[in-house]
Amino acid sequence: MKEIQYQSNSFQIKVVEPLDLESGDTLQDLRIQYHTVGTLNSNKSNVVWIFHALTANSDPAEWWPGIIAPENPIDLQKDFIICANVIGSCYGSTEPEGFEFPVLSVKDLVSAHQVLRDQLGISKIKLGIGGSLGGQQLLEWAVQEPELFEVIVPLATNAKHSAWGIAFNEAQRMALRIGNVDKGLSAARAIAMLSYRNYQTYEKTQTDMDHRVDSYSASSYQNHQGEKLRNRFSFYSYYYLSKAMDSHDVGRHFGGIEKALKRIKSKVISIGISSDILFPVQEQKLIAEYTQHGVFHAIESLYGHDGFLLEVDQINQILKKELS
């Protein structure tokens, strides 16, 4: 993968009107932080909307290098890229500062994107792409507005969050609730890493060959990953966004998953990761099966669910094939 340097621009909008939430509550003081890359053409037909995952920010240059580059399927010289920080996150959009924050759903995250889209005067999106929680938002939006996107690329995601995924998230929130803010967030992230990777990942990268009886590499890795997140993310954002992920169900208001996905008019390039234990490939196959214009591709990766962030060459190859 070649390193590409490009200029991203950061903006924030503030909205006076409260945002109506799926719970019946409202979110006051709506702020949406977003980044753009490239130039919007005269008829606003070159928009690519990138959706970030749970703990990322609105600048994909930091967490998805190699996806946006000259001569790539997503080409910064031709496309206008938008990525918005989700509400509830701690990177510039409206965020929780305690447990009095209203409960958010994936539908609510999309409602904020729709506010931003309206503010920018965009009526059509050439391509939407996102993995994990980002893919959930993409699918929810495409179901709500079936003709908005020309193409959508949901990666390592699902149409409804599984009991398995909810259980992992609840285990993390249990760690948040029993510890102090710092230790709780570190422990929650350590739990999450077990779902983001898999048995083979740890065997390959963290196995000790020197017959030690303590201070294991796997133990150090878990502590390191917990500390990294603690230093850059918010306890309350982690809590509320993991609950939002649990809420994901595109069929809630449309008579079930199959009917909801059949509403989508876009071409759907559904991508799974063969070693993903958190969002196994049958979930991406289902998306391709139920959508009108869906295709499924699997990528190979040692890194499980995190493969959607790391295997950019394989992702680009699939996009090049399907978008040519």
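Calculation criteria
- Residues numbered from 1 in each chain as written.
- Predicted model: local features only at pLDDT ≥ 70, side-chain atom pairs only at ≥ 80, totals over all residues.
- Heavy atoms only, no water.
- Buried < 20%, exposed > 50% of the residue type's maximum accessible area, 1.4 Å probe, protein only.
- Helix = DSSP H or I, 4+ residues; strand = E, 2+ residues; numbered from the N terminus.
- Right-handed = clockwise from strand over helix to strand, strands pointing away.
- Pairing = 2+ DSSP bridges.
- Phe/Tyr/Trp six-rings, centres within 6.5 Å; stacked < 30°, edge-to-face > 60°.

Asker: What exactly am I supposed to notice about the pairing of strand 8 (residues 149-155) here?
Answerer: Within a regular strand, side chains alternate between the sheet's two faces. The buried fraction of strand 8 amounts to six of the seven residues, a majority that puts the element mostly inside the structure. Between strand 7 (residues 125-131) and its parallel partner strand 8, the chain crosses via helix 3 (residues 133-144), and the hand of that crossover is right-handed. Sheet analysis places strand 8 next to strand 9 (residues 267-273), joined by three bridges and oriented parallel. Note on strand 9: the bridge partner recorded for I152 is V268.

Asker: Looking at this model, I keep getting lost on unusual backbone geometry. Mind explaining?
Answerer: Among all residues save glycine, negative phi is the norm, and among peptide bonds the norm is trans. Of note in the backbone geometry, K44 takes a positive phi value of approximately 55° without being a glycine. Phi is positive for A156, close to 45°, though the residue is something other than glycine. Positionally, A156 belongs in the loop between strand 8 and helix 4 (163-178). Overall, A156 belongs to the buried group, its relative accessible area being 1%.

Asker: In this structure, what is going on with the packing of aromatic side chains? I would like to understand it.
Answerer: In this description, a pair of aromatic rings is defined by centroid distance and the angle of the planes. Enumeration over the complete set of coordinates arrives at 16 aromatic pairs. Ring geometry for W49 against W141: centres 5.1 Å apart, planes inclined by 85°, an arrangement best described as edge-to-face. Of this pair, W49 sits in strand 5 (residues 47-51) while W141 sits in helix 3, and the two are 92 residues apart along the sequence. The pair formed by W49 and W141 is uniform in burial state, with each residue classed as buried. On the basis of an interplanar angle of 75° and a centroid distance of 6.1 Å, the ring pair of F99 and F235 is categorised as edge-to-face. With F99 in the loop between strand 6 (80-84) and helix 2 (106-120) and F235 in helix 8 (residues 235-246), this residue pair connects regions lying 136 residues apart in the sequence. One aromatic cluster is present, formed by F99, F101, F235, Y236, Y239 and Y240 through successive ring pairs.

All we've got here are geometric facts, nothing functional implied.
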